[in-house]
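# Inside the fold
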Amino acid sequence: MANPAWYLPADRIFGPDPAQRRIAQELYEQTAAPLPLVCPHGHVDPRLFSNESATVGTPAEMLIIPDHYVFRMLYSQGIPLEALGIPSVDGTPVEQDHRKIWQIFADNFFLFRATPTGFWLMFVLKEVFGIDEKLSGKTAQSIYDQLAAKACLPEFGPRALFKRFHIEVLCTTDYATESLQHHQAIRDSGWDGTIRPTFRPDDVIHLLRPGWREKVRVLGEITGVEIGSFSSFIQAIENRRAFFKKLGATATDHDGITLRTGEFAPQEADLIFQRAFQGQASPEDAERFLGHMLMEEARMSIEDGLVMQVHFGSHRNHNQPLYDRFGPDRGCDIPFQAEFTRNLRPLLNRYGNDPHLTLVVFTLDESTYSRELAPLAGHYPALKLGPAWWFNDSIQGMIRYREHVVETAGLYNTAGFNDDTRSFVSIPARHDLARRVDANWLAGLVLRGIADMEDAHAMMYDMAYGLAKKTYKL
Amino acid sequence: MANPAWYLPADRIFGPDPAQRRIAQELYEQTAAPLPLVCPHGHVDPRLFSNESATVGTPAEMLIIPDHYVFRMLYSQGIPLEALGIPSVDGTPVEQDHRKIWQIFADNFFLFRATPTGFWLMFVLKEVFGIDEKLSGKTAQSIYDQLAAKACLPEFGPRALFKRFHIEVLCTTDYATESLQHHQAIRDSGWDGTIRPTFRPDDVIHLLRPGWREKVRVLGEITGVEIGSFSSFIQAIENRRAFFKKLGATATDHDGITLRTGEFAPQEADLIFQRAFQGQASPEDAERFLGHMLMEEARMSIEDGLVMQVHFGSHRNHNQPLYDRFGPDRGCDIPFQAEFTRNLRPLLNRYGNDPHLTLVVFTLDESTYSRELAPLAGHYPALKLGPAWWFNDSIQGMIRYREHVVETAGLYNTAGFNDDTRSFVSIPARHDLARRVDANWLAGLVLRGIADMEDAHAMMYDMAYGLAKKTYKL
Amino acid sequence: MANPAWYLPADRIFGPDPAQRRIAQELYEQTAAPLPLVCPHGHVDPRLFSNESATVGTPAEMLIIPDHYVFRMLYSQGIPLEALGIPSVDGTPVEQDHRKIWQIFADNFFLFRATPTGFWLMFVLKEVFGIDEKLSGKTAQSIYDQLAAKACLPEFGPRALFKRFHIEVLCTTDYATESLQHHQAIRDSGWDGTIRPTFRPDDVIHLLRPGWREKVRVLGEITGVEIGSFSSFIQAIENRRAFFKKLGATATDHDGITLRTGEFAPQEADLIFQRAFQGQASPEDAERFLGHMLMEEARMSIEDGLVMQVHFGSHRNHNQPLYDRFGPDRGCDIPFQAEFTRNLRPLLNRYGNDPHLTLVVFTLDESTYSRELAPLAGHYPALKLGPAWWFNDSIQGMIRYREHVVETAGLYNTAGFNDDTRSFVSIPARHDLARRVDANWLAGLVLRGIADMEDAHAMMYDMAYGLAKKTYKL
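What comes next concerns the included structure. All values reported here derive from a predicted model rather than from experimental measurement.

### Some remarks on the interface of chain A and chain B
The interface of chain A with chain B comprises 45 residues on the first partner and 41 residues on the second. Elements that contribute at least two residues to the side of chain A that touches chain B include exactly helix H4 (68-76), helix H6 (116-128), helix H15 (320-326), strand S9 (334-335) and helix H18 (395-409) of chain A. Here the side of chain A that touches chain B gets four residues from one element, more than from any other, and that element is H4(A). Classifying every residue of the side of chain A that touches chain B gives 23 nonpolar, 16 polar and six charged.

Quick look at the structure:
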């Protein structure tokens, strides 16, 4: 089918009111679209850029296999992960023919109707690869051919796309014990794209994660600190933060189940640390240790200036049988109720009044937007709210975020957009969608006499670019 | 007052943008309106159809007395249930003059402004009974006369209305110990309307419901199973499911306070079952027994193919003094916080990867839509989300459902519409409203370039018809 | 900058659809705008009216220093409260130059973009004081001059503004132990504005508030009751309610952390009361005592006819270090999860079926709107829902309130608007915004064929005026 008018029209996402659409388009085209992309938080593999000749791979490698947004939807309709080429951890053989995988995907592309994933995929096909057909079972192989042919061309190499996407800076996410060798290689290569690591110490501060002791051993080794006590552990972490910072990091990132911040006496920290070393930490120990470590990390952030990110409230690997066969990150992390008012209080009371701290909080529980997070961000100088995250990084999710957050927190206590993606080629699609949603929201303010065009353009700039740069010190 | 232009105009519910209204109307008229009504979940009394000469009754019997949506609103404004003819259980005399009841209702019809109940009632008056006046205290008796006159005509008999309403299939809800004699009578009568029972074993699996032991005795009697142990109890339930299936059932239905699924060893099940028989089960026993029974029912559903429905999270009969005087289902079931991520995990980990299971989950806690249910449904093959339920089966409730669910779960992990009503004459009103809300939602997608008309028509078909048929195997 | 077209245009807030805007404007202009303002719940200082020559003060005294909505936003961006002239409690010196304070505020006025506070401030500047410039760092001093000049004129005195604002009645909030001398003085002065006190016994029913014993002593003194037991305590409260009623009160008001209503035996109440007197009450004692007192207050309300208001769910003074330096009401009260279904049940089961009780409930947890409060209000005769409260008294907050509440609770189980403000000059801005949001919501109903214009005008009247008058018996 030829590219119909609806297929990514120039005024997509705007409206429906024609006047609102007109204003949105002006804001988008004049202010947002020309701005470079700032990507302060994401999961793109730095190896795409450390090796000059890297490619984006086959269509299946590029769009399906690494993207749990995509394959979870197919799985939810009964398509086994084996058939989609998702690597197993238990030796289950998986489909190797990427054309077959692509055919299944295309046959079922209707499942993505009205989803952000569907929208991003259409964008990648059309805007990144110039495909003019609508993806379906019938057009699957023809589109595969076109994608495969282009993926080999130099102008579709990751470094070339980085420039074409107009990316100003791209931050990855890296565990404390990672060597950052690819970041070093990028720097050494003389390439002028800006890729920055982000310090994520989850591997060493979650006492009950499998292999914790080994991770702490590695941490000691790469920092040259002999870790025999809590205080030397802290010293090693401080040392590692400095190393990340030297390689360009401006931020840290923290995951966890609950967010019960709180401090204990140094002796108590050491006792629990020793218990963990003997393999005897309880879940309560682990939770309180994490709560204490968040306090420590906040203190370090005030000292070294790294922006602190926390995102909590997802039950990771909810589907145990699937986890046993395919490992983590398979589309079955499921959110649950979050609580910030009581849980963040110890940290905010201790450090939240200090403007030297920038604490960016994300949530998957939208009921906390207006109830807890916006009032907190509208008061504490240190607190900024991360954008609509993960499942909520969608058209309606972003609209809800604006509608629930801004009136109470103010726009200037939000952290700007981030794409949080593993799929490099989808980055412009995600920024485009967010900028359009925001332009349309601003146009609504203008039409209802809440903002004038001067303010709306200033806000558009900040939402598309300024806030992310400022929040993350980029 | 003569029927003003606004009174159910042809483009009602659509808009406000004229372009959106035009597209919505095309989707509605070309695709949705011609489709028959599929009613997979509801509470219509099968006696309306087993007896060829049944009528819909007086206006009060038809629209007020059986409909707790209607009389709870009058009660909330201080009108006693006695005055509305609601049968008491404590001997309180109640109004017998249905004209008086109707007058009170009409005098207070303004209370239903901007409510779905008001919209459904207007539809019944105009579209089903051809009333052209606006209901008010002044027009009350004239409208009563018109309704009463029509209700006696053969073309307003339930079987005739069933055909006129274009109902393809209507499922009732029936306790495990019910004889299904009226379903049998419908089949025996040779009438060609399709009425199916639904297996709801709440009467025998909630250990602490008054009369539980007697219900289990009846279950044993009608299944011919001597129930002396948990395993014979299970056998009786399996037997009863087979009987329901023989009479047309394609689904089961489960209610409860919490949804803490989980399994215990067969001996433990038997111990608790015996305790219950001796009248010594604790609330904790009852909750865990229910959690275990949900696992058993899921297993049975995989074996016999019955679709499994669960709807939890309502505090039944919240108003004790009213319950003591008027019994259950009096408009005072009040929802509370729900939790699915942890509570459903045991069941989903055991059976949720099996595409032979269809588990339809309903909720009254909208904060779980985007946080828990959409991510779960967007992953587990067995899970489908029931439509906006009960209080949320309203214009804004259905809009919120689409906006919170579809982007993450995908449309094809939702179960289609069901009317869930006790009020037979309101069925077309409810489907009409839902189809219009959906048409308008789709028109918004088209206008914003998210879907083309081809996709929108396909989605309209599925939302109005296809999804319900497929999910419920009808 | 000259006053641009957008700056509070006549059709502000309406739209964006032109037809909706037209209908909204008709509803607003014909029905809402001419109605007087009814202010049943707020925190304006009665001294503004007891003294004929009182003024609204300097621009900083009028708009910044007393309004924690305003200064919390500046604080959240790192501006110290000292710099804004907020009085400290620990002796910290604070800025005394109100022109400097105003300059900081104006420099940072962009922070209020898209917030209700920003909208109200623009209204006050333009509609109350006739300022035609856009506030910014550049125009700060010129606007200060204009405001300061006008504030001295008799027509900008509080009593004159009261008339110009077209306020029919203004209710303040007053602790049980307050003398009401300013209310008495207003009455004695012969001025014909209606100012009524509201009885808020938080000072004497929260056992663990600092100074509780002293407050009870004062209560005894001013009521002439010797308070030595729980029953004499109750007698003193009844006595004090009568006094408030004599001075015009029609309502009471209750704050607290949780809302766990419930009753204990008289002896138990007395035991806890005595324990509290000996300084030995536990948090559990205090919570249960409060729960019992709510039952008592409901009983008293049935007896003396005072409307009972409860608003719970805010963690007061969340920021301890700031509280230690600046005291309460500094913009750091943070909401948390609320629960009404179980917590209100004892009270509603005991008194909720009695139409002599009017219980107005407020919430900061929007997830309870559709899940708990609307179903409760749509059933219990005594229960009415307060309007979108505090942070939710915003454009989107009010829209969400209508969309989540009305379909289930019905419009006539809501309590009408109240401004709940400490800022007297902002009262017309708040009513104007609410009326416009409501007019636009009604216009949407009309356009979609859900209401006709006759109903819409009737609803507009009730939402802007009738419901508040009726609910609060004004």
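### Considerations on helix H20 (residues 453-471) of chain B
All names here are of chain B. The sharpest bend along H20 comes to roughly 55°, located at Asp462. Of the positions making up H20, those classed as buried are Ala456, Met459, Met460, Asp462, Met463, Ala464, Tyr465, Leu467, Ala468 and Thr471. Positioned one or two residues after H20, Lys473 has a phi angle of 55°, which is positive.

### Here's the deal with the interface of chain C and chain A
At the junction of the two partners, chain C supplies 45 residues and chain A supplies 41 residues. Mapped by element, the contributors of at least two residues to the side of chain C that touches chain A are helix H4 (68-76), helix H6 (116-128), helix H15 (320-326), strand S9 (334-335) and helix H18 (395-409) of chain C. With four residues, the top contributor of residues to the side of chain C that touches chain A is H4(C). Its residues placed into classes, the side of chain C that touches chain A shows 23 nonpolar, 16 polar and six charged.

### As for the packing of helix H1 (residues 18-32) of chain C against helix H19 (residues 427-447) of chain C
All names here are of chain C. Packing of H1 against H19 leaves a shortest axis separation of 8 Å and a crossing angle of 125°. What the angle tells us is that H1 and H19 run oblique. Viewed along their axes, H1 and H19 form a crossing whose handedness is right-handed. Across from Ala19, Gln20, Ile23, Ala24, Leu27, Tyr28 and Ala32 in H1, the residues of H19 making contact are Arg435, Arg436, Ala439, Asn440, Leu442, Ala443, Gly444, Val446 and Leu447. Taken together, the residues of the contact of H1 with H19 sort by class into 11 nonpolar, three polar and two charged.

### Some thoughts on the relation of the copies chain A and chain B
Screw-axis analysis of chain A against chain B gives a translation of 0.0 Å along the axis, an RMSD of 0.0 Å, and a rotation angle of 120°. In short, the pair behaves as if placed about a three-fold rotation axis. Take the interface residues of chain A: only 4% of them recur as interface residues in chain B, which is what a contact between different surfaces looks like.

### What to know about the sheet that holds strand S1 (residues 37-39) of chain B
All names here are of chain B. Strand order in the open sheet formed by three strands is S1-S2-S4, with parallel pairing between adjacent strands. Of all strands in the sheet, those bounded by a partner on one side alone are S1 and strand S4 (195-196). Pairing of strand S2 (residues 167-171) with S4 involves two bridges; the strand directions are parallel. What sits directly across from Leu170, in S4, is Ile195.

### Examining H4(C)
An α-helical turn contains 3.6 residues, so any two residues separated by three or four positions project in the same direction. Counting buried positions over the nine residues of H4(C) gives eight, a clear majority of the element. Contacts from the buried residues of H4(C) go to helix H17 (367-377) of chain A together with helix H3 (59-63), helix H5 (98-107) and H6 of chain C.

### Some thoughts on the relation of the copies chain C and chain A
For the pair chain C and chain A, the superposition axis carries a translation of 0.0 Å, the fit reaches an RMSD of 0.1 Å, and the rotation angle comes to 120°. Little of the interface of chain C is mirrored in chain A, where only 4% of its interface residues again form contacts.

### What about unusual backbone geometry?
For the bond from B:Gly15 to B:Pro16, the omega torsion is 10°, close enough to zero to count as cis. Tracing the chain through its elements places B:Pro16 in the segment before helix H1 (18-32). One non-glycine residue, C:Asp329, lies in the positive phi region at around 60°. Summarising the element assignment, C:Asp329 is placed in the loop between H15 and S9. For C:Asp329, a count of 15 C-beta atoms within 10 Å puts it in the partly exposed group.

### Overview of the pairing of strand S6 (residues 251-256) of chain C
Within a regular strand, side chains alternate between the sheet's two faces. Residues and elements named next belong to chain C. Here S6 lies mainly inside the structure; five of its six residues are buried. Bridge count for S6 against strand S7 (residues 307-312) is six bridges, and the pairing is parallel. Bridge assignment links Thr252 to a residue of S7, and that residue is Met308.

### Some points on the sheet that holds strand S1 (residues 37-39) of chain C
All names here are of chain C. Ordered by their spatial adjacency, three strands build an open sheet running S1-S2-S4, and the pairing between neighbours is parallel. The sheet is open, and its two edges are formed by S1 and strand S4 (195-196), each paired on a single side. One ladder, built from three bridges, connects S1 with strand S2 (residues 167-171); its direction is parallel. Residue pairing for S2: Val38 is matched across the bridge by Val169.

### Thoughts on the packing of H18(C) against H19(C)
All names here are of chain C. As a packed pair, H18 and H19 sit with axes 10 Å apart at the nearest point and diverge in direction by 45°. Of the possible angle classes, the one that applies to H18 and H19 is oblique. In this structure, H18 meets H19 at a crossing whose hand is right-handed. Contacts from Ile395, Met398, Ile399 and Arg402 of H18 reach H19 at Leu433, Ala434, Val437 and Trp441. Taken together, the residues of the contact of H18 with H19 break down into seven nonpolar, no polar and one charged.

Criteria and cut-off values
- Sequence order as written defines the numbering, with residues in each chain counted from 1.
- To label them, take the chains in the order written and letter them from A, then take the ligands in the order written and number them from 1.
- Per-residue local features are limited, in this predicted model, to residues with pLDDT of at least 70; the limit for side-chain atom pairs, both in listing and counting, is 80 or more; totals at the level of whole chains, interfaces and linings are taken over all residues.
- The contact rule is simple: place each C-beta atom from the backbone, and if two of them lie within 7 Å, those residues are in contact.
- Helix and strand labels come from DSSP, where a helix needs a run of H or I of at least four residues and a strand needs a run of E of at least two; each type is numbered from the N terminus.
- Residue type decides the class: Asp, Glu, Lys and Arg count as charged, Ala, Val, Leu, Ile, Met, Phe, Trp, Tyr, Cys and Pro as nonpolar, and the leftover types, Gly among them, as polar.
- What we call the bend at a residue is the angle made by axes fitted to the seven residues finishing there and the seven residues starting there.
- Exposed residues have 12 or fewer other C-beta atoms within 10 Å of their own C-beta, buried residues have 20 or more, and residues in between are partly exposed; the C-beta atoms are placed from the backbone.
- To obtain an axis, a line is fitted to C-alpha atoms, over the contacting stretch when the element is a helix, and the angle between two such axes runs from 0 to 180 degrees between their N-to-C directions.
- In this scheme, roughly parallel covers angles under 35 degrees and roughly antiparallel covers those over 145, while 65 to 115 is roughly perpendicular and the rest are oblique.
- Rotating anticlockwise by less than a right angle from the far helix to the near helix defines a left-handed crossing, while the corresponding clockwise rotation defines a right-handed one.
- Here the copies are superposed with least squares, the fitted atoms being C-alpha atoms of residues at a pLDDT of at least 70 in both.
- Pairing between two strands is assigned when DSSP locates at least 2 bridges connecting them.

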